Amino acid sequence: MKTIMITGCSSGYGLETARHFLATGWNVVATMRTPRADVLPSSERLRVLALDVTQPASISAALEASGPIDVLVNNAGIGLFGAFQATPMSTTREVFETNTFGVMAMTQAVLPQFCARRSGLIVNVTSSATLAPMPMVAVYTASKVAIEGFTASLAFELESFGVRVKLVEPGYAPTTRFAVNGGARMEGLIPEAYAPFAQTIFASLAQQNAFTKESDVAEGVWRAVHDTTGQLRFPAGPDAVALAGS
């Protein structure tokens, strides 16, 4: 029975992906900054571990506690919406620490066991913001585009070791805690001069008919894990699929 480790499982995509793989018979290591076993079904195949992907000691402790894994899903991430002009560089660095460097650190930490075993799979969850330009998310987009390039290059680098690397690209998901989790971080990032423009974006999002559900992303990860064609990118959600095809 295979084991999958998923980062950022306290809510949203990570939580739904953990539920999906648990329901289909996998051993699941669900990681969260603050572990909460009550958000997932009780199972002998489930382990809930503390993990902060920005802290090397936390990464080492989680991987030691998990034991060997077959799949790593780098899902943990933080959101940001606001004018770049008003975004402090400290906030930009905070976003990159989780969305970019956290993914890289987790990937680097699992590669020794994957390469030694000559098998393993890494799935990096990015965003449909990488598929088409979207306003007021320049920093967030940059953090995710970096992972797109990183993943595409790494897939070539690891091919001879039998290690696969994939991308899952979710669309706009209004039912996740994206805005709530980034609330404090986003305060003051829409200056008065940008307010009318920001309002048009909010109105456009409210009228959007096609959007991504958490289950779309869980299914996208499932497709990526079980892919045998060599496909790299897996848009998740009808809006992301439309953008990928445009």
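Above: the structure in question.
Residues numbered from 1 in each chain as written. Predicted model: local features only at pLDDT ≥ 70, side-chain atom pairs only at ≥ 80, totals over all residues. Heavy atoms only, no water.

Participant: Explanation requested: the side chain of Ser66 in the structure shown.
Facilitator: Take Ser66: it is sitting in helix H2 (residues 56-66). For Ser66, a relative accessible area of 11% translates into the label buried. Sequence-distant contacts of Ser66, defined by excluding residues within four places in its chain, comprise Met5, Val29, Arg47 and Leu49. (Helix = DSSP H or I, 4+ residues; strand = E, 2+ residues; numbered from the N terminus. Buried < 20%, exposed > 50% of the residue type's maximum accessible area, 1.4 Å probe, protein only. Contact = heavy atoms within 4.5 Å.)

Participant: Sorry, what's going on with the sheet that holds strand E2 (residues 27-32) here?
Facilitator: Ordered in space as E3-E2-E1-E4-E5-E6-E7, the seven strands form an open sheet in which the pairing is parallel. The open sheet has two edge strands with one neighbour each: strand E3 (46-50) and strand E7 (233-236). This sheet shows a mean twist of 20° between the axes of neighbouring strands, independent of strand direction. Strand direction decides the pairing type here: strand E5 (residues 120-125) and strand E6 (residues 163-170), joined by six bridges, are parallel. Within E6, the position partnered with Val123 by the bridge is Lys166. (Pairing = 2+ DSSP bridges. Axes fitted to C-alpha atoms, helices over the stretch in contact; angles between N-to-C directions.)

Participant: What exactly am I supposed to notice about unusual backbone geometry here?
Facilitator: The general pattern is negative phi for most residues beyond glycine and trans for most peptide bonds. The backbone phi angle of Arg118 is positive, close to 60°, even though this residue is not glycine. The residue Arg118 is located in the loop between helix H3 (89-117) and E5 in this model. Owing to a relative accessible area of 48%, Arg118 belongs among the partly exposed residues under this scheme. Unusually for a residue other than glycine, Met136 sits at a positive phi of about 70°. Residue classification places Met136 among the buried residues on the basis of a relative accessible area of 9%.

Participant: Whenever I open this one, the pairing of strand E4 (residues 71-74) confuses me. Can you help?
Facilitator: Because side chains alternate across E4, one face comprises the buried residues Val71 and Val73, and the other comprises Leu72 and Asn74, equally buried. Pairing of strand E1 (residues 3-6) with E4, which is carried by three bridges, proceeds in the parallel orientation. Across the sheet, Ile4 pairs through a bridge with Val71, a residue of E4. When E4 meets E5, the two strands line up parallel, connected through four bridges. Each residue of the ladder has a partner; that of Val71, found in E5, is Leu121. Since E4 and E5 lie parallel, the crossover through H3 that links them has a hand, and here it is right-handed. (Right-handed = clockwise from strand over helix to strand, strands pointing away.)

Participant: For this particular structure, what's the right way to read the environment of Ser153?
Facilitator: Topologically, Ser153 is positioned in helix H4 (residues 138-158). The spacing of Ser153 and Val165 is twelve residues in sequence and 9.5 Å in space, taken between C-alpha atoms.

Nothing here speaks to function; it is all geometry.
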